[in-house]
Amino acid sequence: MSLALARKYRPKSFDDLIGQESVAQTLAHALDTKRLSHAYLFSGLRGSGKTSTARIFAKALLCEKGESSRPCGECTHCVMAAENRHMDIIEMDAASNRGIEDIKELIEHTKYKPASARYKIFIIDEVHMLTTQAFNALLKTLEEPPSFVKFILATTDPLKLPATILSRTQHFRFKTIPQPLVQSHLEHILHLEGIGFEKEAIEIIARSGAGSLRDSLTLLDQAIVYANGFIDVRTVTEMLGIIDPAKLEALMRRILERDEAGVLDFLKEASDYEAEMILDELTLYLKTLLLERKGILSPLIIERFFRIVADAKSLLATGSDGQFVLSLTLFKMLEAQQLTEIDAMIKKLESRIGGELASLASPSLPETPREVITITQEEIETFGETSDASTAHDATAAPSLPRETSPDTPPPQPQNEKPTASNPSASTPPSDPQAPWRAKFAALIERIYDRDYDLGTIFEEHITFVSFQEGVLQWESTVEGEEKKALINAWGVIKMLVEEIFGVGTRIDNIAKKKAPASSDNSVNSQTPPPHPTPQAASAATHKDADSASMLEEATVKSSCIAPEAGDTEAAKEKDPSELLEEPMVKTALELLNPKKVRIKRNV
Ligand SMILES: [Zn+2]
């Protein structure tokens, strides 16, 4: 291998340029239409083809047959330019000739006509290296050079150029050459050279070249020497001192399988390598995983891993022990996977909550044993007596809670009385401690409306907020008939919304209120239920526990709908209490609320 590949395969025409199509096209077009500028600036990564392009461009300008994107390649100018020995193409490396004296000499040169060609072309490489004075000296010539002078400036760092230079040149930006293009170019050259190779090995070389064709070619030169006839992955990874991608893949598998022993094995193996290189390779590997979208790792985990690697790299930058940092990194990766578990847990929890919410709204509650169903005749009679004392001939009152049977409760009005326009909120003091709860109640109404507009209408019209304290939401209800049925049917939803707004476990104290004439006495009393149960109620209360209390309260609403209406009191009286449990509405209520106890009160 006498000649370096980079030189041997240096592109000779615009068509040969790898990965710079747009630049090549624009320059070719400028040549063919003779729209030429006197100064060009080529910027881009090293090895991206700037100097090659400058030389191709120079040759195209000088061809005897006229400026053309396809110079003949046969005339003396073409031949001399191709051999890089044309008198009128002057190359200068600004990295080593950066002072004002060098530039003064160059400017002197521009004053003399070209030796033989039509132009005198100055190619200044690494132009950003010039000193400020050198730039200033160059400016005037750059702006108004003699008609036979062309400048081609090349730089890897255009940001370091003064704006005055940038504004006097046509700027072409050279792209980083995509890895697949580099790879196929390398493979093409190997075919021409008759050297065998493993595709993966060339991929590694192209990747290591990081977008620079020249660097990649230099590495390929090295690999050819190193490999002795056949370039395989082992040779290349050894040569570059990088880890075999297969090992990295195995490592990732071990991490995913939480194979701690396997990871420890890898760490032992990895002690031969630079920790930083492994971290770099890991980053590249993660990038590949992300882009290939094979679903081996979720983007969330990849991001997590990437952060861990980035942390590790900054640790290395502070001079930490490489092996230690690498171990830390891999174990952090093992741990980071718990994220997936947390993710799964969240999903599970969500579906469970979803299920519970759904079951609240549907009658199919999980079976909890119903403790007792108390319907002894004796109790019914006792109840009958006590309620006789308190609720007189209230045929329409719902079978109710002990507290509602308290003698303080005023006898509700007969059902068939006209509804009144009594406004419960009118009797509430304007600034009460219940205000926030009242607001929440308004929100509850909104939510019910959201859920079902008709239901919202019924609820708003008939249910009036009374109070909320110690987890008990007390309201008054004037709902009757079909509307009552609708409310009862939607009870699960209402209860759910109440818990959502007032907190889980909120109990509802429903006070069935008759639509009564606007007698102030009545309305005040009905809104202030006795805070404590009466003795009779207390005796009944011994039967209930905290849990079932709310159930009973809810059952109040349900069972009240099977309470005899004013007209059929007699029929109701004759009903066997146990039959009541078979009433469809009661059955639904029992299913829905799953109360531990059911108490039936006979209203006489
Ligand atoms: Zn020619």
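Nothing here was measured: the structure is a model prediction, and the numbers come from that model.

Peer 1: I'd like to hear about the sheet that holds strand β5 (residues 170–174), residue by residue, with values.
Peer 2: One open sheet accounts for 5 strands, arranged β2-β3-β4-β1-β5; its pairing is parallel. Both outer strands of the open sheet, β2 (89–93) and β5, are each paired with one neighbouring strand and no more. Neighbour-to-neighbour, the strand axes of the sheet open up by a mean angle of 15°, direction not taken into account. Along the sheet face, helix α5 (residues 100–110) touches β2, β3 (120–125) and β4 (149–155) and points at about 160° away from the line of β3. Contacts from helix α6 (residues 132–143) reach β1 (39–44), β3 and β4 within the one sheet, and its direction differs from that of β4 by about 130°.

Peer 1: Lay out the sheet that holds strand β8 (residues 463–469) in plain terms, naming residues and giving numbers.
Peer 2: With mixed pairing, the 3 strands of this open sheet are ordered in space as β8-β9-β10. Whereas interior strands pair on both sides, the edge strands pair on one side only; in this sheet they are β8 and β10 (507–512). Adjacent strand axes in the sheet meet at a mean angle of 20° when their direction is disregarded. As judged from the 6 bridges shared by strand β9 (residues 472–477) and β10, these two strands associate in the parallel manner. Looking at β10, one finds that Val472 is bridged to Arg507. On the sheet, helix α22 (residues 491–502) packs against β8, β9 and β10 and is oriented at approximately 135° with respect to β9.

Peer 1: If you had to explain the nonpolar core to someone new, which residues and values would you point to?
Peer 2: If you look at the biggest cluster of nonpolar residues, it comprises 57 residues, and the most contacted ones within it are Leu220, Ile231, Phe305 and Leu330. Per-element accounting of this core gives the leading share, 8 residues, to helix α14 (residues 275–292). Taken together, domain 2 (179–240) and domain 3 (245–337) each give at least three residues to this core, which thus spans both. In this structure, Ile231 is in contact with Leu190, Ile195, Gly196, Phe197, Glu198, Ala201, Ile202, Leu220, Ala223, Ile224 and Val236, ignoring residues within four places of it in sequence. Counting 28 residues, the second-largest nonpolar core is a separate cluster that includes Ile445, Phe459, Val479 and Leu593.

Peer 1: Go over the side chain of Ser477, please, and point to the residues and values.
Peer 2: Tracing the sequence through the fold places Ser477 in strand β9. Ser477 sits in the buried class, given a relative accessible area of 7%. Beyond its immediate stretch of four places on either side in the chain, Ser477 contacts His462, Ile463, Asn510, Ile511, Ala512 and Lys513.

Peer 1: Now, about the packing of helix α19 (residues 435–451) against helix α20 (residues 453–462): what can you tell me, with residues and values included?
Peer 2: Contact geometry of α19 with α20 gives a least axis separation of 5 Å together with a crossing angle of 150°. Taken together, the axes of α19 and α20 are roughly antiparallel relative to one another. Between α19 and α20 lies a crossing of right-handed hand. For the pair α19 and α20, the contacting residues are Phe441, Leu444, Ile445, Ile448, Tyr449 and Arg451 in the first and Tyr453, Leu455, Gly456, Thr457, Phe459 and Glu460 in the second. Taken together, the residues of the contact of α19 with α20 sort by class into 8 nonpolar, 2 polar and 2 charged.

Peer 1: Can you break down the pattern of salt bridges residue by residue, with the values?
Peer 2: Think of it this way: side chains of opposite charge can pair up when their charged atoms draw near. Applying the stated criterion to the full structure yields 20 salt bridges. With its nearest N and O atoms 3.3 Å apart, the salt bridge here joins Lys160 to Asp157. Lys160 sits in the exposed class, given a relative accessible area of 54%. For Lys268, the salt bridge is made with Asp265, and the minimal N-O distance between the two is 4.0 Å. Placement of the pair is Lys268 and Asp265 together in helix α13 (residues 260–270), with a separation of 3 residues, close to one helical turn. Judged by its relative accessible area of 62%, Lys268 is exposed.

Peer 1: Explain the coordination of the zinc ion to me, and be specific about the residues and the numbers.
Peer 2: The protein atoms that coordinate the zinc ion are Cys63 (SG), Cys72 (SG), Cys75 (SG) and Cys78 (SG), at distances spanning 2.2 to 2.3 Å. One can describe the donor arrangement at the zinc ion as tetrahedral, given that its 4 donor atoms subtend angles of 101 to 119° at the metal. Positions of the donor residues of the zinc ion along the chain correspond to the pattern C-x8-C-x2-C-x2-C. Given the relative accessible area of 24%, Cys72 is considered partly exposed.

Peer 1: A description of the pairing of β8 should follow, citing residues and the corresponding values.
Peer 2: β8 sits mainly inside the fold: 6 of its 7 residues count as buried. Where β8 meets β9, 6 bridges bridge the pair, whose relative direction is antiparallel. Counterpart to Ser467 in the pairing with β9 is Gln474. Joining the antiparallel neighbours β8 and β9 is a turn of 2 residues, in which Glu470 adopts a positive phi near 50°.

Peer 1: Could you give an account of the packing of helix α8 (residues 179–193) against helix α9 (residues 199–208), naming the residues involved and the relevant values?
Peer 2: Relative to each other, α8 and α9 sit at 125°, their axes nearing to 9 Å. As far as their axial angle goes, α9 and α8 are oblique. Relative to α9, the crossing made by α8 is right-handed. Across the interface between the two elements, Gln179, Val182, Gln183, Leu186, Glu187 and Leu190 of α8 pack against Lys199, Ile202, Glu203, Ile205, Ala206 and Arg207 of α9.

Peer 1: So, the side chain of Ser69: which residues are in play, and what are the values?
Peer 2: By the secondary structure assignment, Ser69 is in the loop between α3 (50–62) and α4 (76–82). One polar contact links Ser69 to Asp32, side chain to side chain, over a distance of 2.9 Å. Excluding anything up to four places from it in sequence, Ser69 contacts Phe14, Ala28, Leu31 and Asp32.

Peer 1: Help me get a handle on a negative patch on the surface, residues and values and all.
Peer 2: On the surface, Glu446, Asp450, Glu460 and Glu461 cluster together to form a negatively charged patch. Only α19 and α20 provide two or more residues apiece to the negative patch. Its place among the elements puts Glu460 in helix α20.

Peer 1: Can you lay out the confidence of the model for the protein for me, pointing to particular residues and giving the numbers?
Peer 2: A low pLDDT means the predicted coordinates there should not be read in detail. Confidence along the protein averages 78 in pLDDT terms, with 75% of residues attaining 70 or more. Taken together, the stretch residues 383–429 has pLDDT below 50 and engages in 95 contacts with residues farther than four places along the chain or on a different chain.

Peer 1: Describe α13, listing the residues and the values that go with them.
Peer 2: For α13, the complete set of buried residues consists of Gly262, Val263, Phe266, Leu267 and Ala270. The buried residues of α13 occupy an angular sector of 145° when projected down its axis, which confines them to one face. Where the residues of α13 are buried, they touch α12 (245–256), α14 and α16 (322–336).

Peer 1: Give me unusual backbone geometry: which residues, what numbers.
Peer 2: Even without being glycine, Asn84 reaches a positive phi, approximately 65°. Tracing the chain through its elements places Asn84 in the loop between α4 and β2. Exposure remark for Asn84: the relative accessible area of 45% places this residue in the partly exposed category. The backbone of Asn228 shows a phi angle near 60°, a positive value even though the residue is not glycine.

Criteria and cut-off values
Position labels on residues start from 1 in each chain and follow its written sequence. A pLDDT threshold of at least 70 governs which residues receive local features in this predicted model, and a stricter bar of 80 or more applies before side-chain atom pairs are shown or counted, although totals over entire chains, interfaces and linings include all residues. Excluded from the side-chain calculation are hydrogens and water; included are all heavy atoms of the structure. DSSP-based pairing: two strands are paired if at least 2 bridges between them are found. Secondary structure follows DSSP: runs of H or I at least 4 residues long count as helices, runs of E at least 2 residues long count as strands, and numbering of each begins at the N terminus. Here, axes are lines fitted to C-alpha atoms. For helices the fit covers the stretch in contact, and angles between N-to-C directions go from 0 to 180 degrees. In what follows, a contact means two residues having at least one pair of non-hydrogen atoms within 4.5 Å. Each nonpolar core is a collection of buried residues, namely Ala, Val, Leu, Ile, Met, Phe, Trp, Tyr and Cys, held together in the definition by side-chain atoms within 4.5 Å. The classification of residues rests on relative accessible area computed with a 1.4 Å probe and restricted to protein chains. Under 20% of the type maximum is buried, over 50% is exposed, and intermediate values are partly exposed. Domain delimitation follows an automatic or database domain assignment. For classification, angles of less than 35 degrees are called roughly parallel, those exceeding 145 degrees roughly antiparallel, those between 65 and 115 degrees roughly perpendicular, and all remaining angles oblique. Handedness of each helix crossing follows the sense of rotation of the near helix against the far helix: counterclockwise by less than a right angle gives left-handed, clockwise gives right-handed. Classification convention: Asp, Glu, Lys, Arg as charged; Ala, Val, Leu, Ile, Met, Phe, Trp, Tyr, Cys, Pro as nonpolar; all other residues, Gly among them, as polar. Salt bridge, as used here: a side-chain nitrogen of Lys or Arg that lies within 4 Å of a carboxyl oxygen of Asp or Glu. Donor selection uses N, O and S atoms within 2.8 Å of the metal (3.2 Å for Na, K and Ca). Since no water is included, sites may look incomplete. Every angle between 85 and 135 degrees makes a four-donor site tetrahedral, while opposite donors more than 155 degrees apart, with all other angles between 65 and 115, make a four-donor site square planar and a six-donor site octahedral; other sites are irregular. The definition of a polar contact used here is a pair of N or O atoms within 3.5 Å, where within protein one atom must be able to donate a hydrogen and the other to accept one, and adjacent residues in sequence count solely through side-chain atom pairs. Only residues whose relative accessible area exceeds 30% and that take part in no salt bridge are eligible for patches, with like-charged residues grouped when within 9 Å of each other and nonpolar side chains (Val, Leu, Ile, Met, Phe, Trp, Tyr) grouped when within 5 Å. A 1.4 Å probe and the Shrake-Rupley method give the accessible areas. Residues count as covered only by the protein chains that appear here. Positive charges come from Lys and Arg, negative ones from Asp and Glu, while His and the chain ends are left out of the count. Just so you know, the charge point we use is NZ for Lys, CZ for Arg, CG for Asp and CD for Glu. pLDDT expresses, on a scale from 0 to 100, how confident the predictor is about each individual residue. Comment: arc refers to directions from the helix axis out to C-beta atoms.

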